[in-house]
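# Secondary and tertiary structure notes
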Amino acid sequence: MAKTGGETPMLKQYFSIKAQHPEALLLYRVGDFYETYADDAILASKVLGLVLTKRSKGDKESTAMAGFPHHAIENYLQKLVRAGYKVAICDQLEDPALSKNKLVKRGVTEI
């Protein structure tokens, strides 16, 4: 997975979780969306027909990003599995409103 230094705390968290599941496409919950980044975003945009955008990494560089509303997870998950991909679902493990940190705790809840 292509990445360089200078990631935001959220992207650092994403890449840390992704490193634990390198064989799976990681769907990373951010508020009301599941997002994918870098190589996973490029793949998801092709397989799911999502618009490929970019997210700032806190410096002059950016990383590829694609996502969809969380309520559509079953539809998109079925498409990925039918296409032969292993998927890891990373959810928010705490209420963002109650989080004392700026970064919400997240973890893989299903593969």
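Sequence order as written defines residue numbering, which begins from 1 separately in each chain. Predicted model: local features are reported for residues with pLDDT of at least 70 only, side-chain atom pairs are reported and counted for 80 or more only, and whole-chain, interface and lining totals are derived from all residues. Each side-chain value is worked out from all heavy atoms of the structure, with water and hydrogens disregarded.

### Some thoughts on the overall build of the protein
From N to C terminus, the protein includes 3 helices and 6 strands. Of all 111 residues assigned to the protein, the portion counted as buried reaches 43%. At a minimum sequence separation of 6, the contacts of the protein that also span at least 24 residues come to 53%. Strands here mean DSSP runs of E at least two residues long; helices mean DSSP runs of H or I at least four residues long; both are numbered from the N terminus. For the exposure calls, accessible area comes from a 1.4 Å probe over protein chains only, and a residue counts as buried if that area is under 20% of its type's maximum, exposed if over 50%, partly exposed in between. Two residues form a contact once any of their heavy atoms are found within 4.5 Å.

### A look at the nonpolar core
Nonpolar core, defined: a set of buried Ala, Val, Leu, Ile, Met, Phe, Trp, Tyr and Cys residues in which side-chain atoms within 4.5 Å join the residues together. Leu27, Leu48, Leu50 and Phe68 are the most contacted members of the largest nonpolar core, which totals 17 residues. Contributing elements (two or more residues each) for this core: β1 (25-30), α2 (38-48), β4 (62-69), α3 (73-82) and β5 (87-92). Per-element accounting of this core gives the leading share, 4 residues, to α3. Apart from the residues lying within four places of it in its own chain, the contact partners of Leu50 are Ala44, Ser45, Ala66, Gly67, Phe68 and Tyr76. Counting 14 residues, the second largest nonpolar core, distinct from the first, contains Met10, Phe15, Leu26 and Cys90.

### Let's talk about the pattern of salt bridges
Each reported salt bridge corresponds to a side-chain nitrogen of Lys or Arg within 4 Å of a carboxyl oxygen of Asp or Glu. A complete count under the given rule lists 2 salt bridges for this structure. For the salt bridge of Asp40 with Lys18, the shortest nitrogen-to-oxygen distance reads 3.0 Å. Of this pair, Asp40 sits in helix α2 while Lys18 sits in helix α1 (residues 9-20), placing them 22 residues apart in sequence. Residue classification places Asp40 among the buried positions, given a relative accessible area of 7%. For Lys86, the salt bridge goes to Glu23, with nearest N and O atoms at 3.1 Å. Of this pair, Lys86 sits in the loop between α3 and β5 while Glu23 sits in the loop between α1 and β1, and the two are 63 residues apart along the sequence. You can call Glu23 partly exposed: its relative accessible area is 45%.

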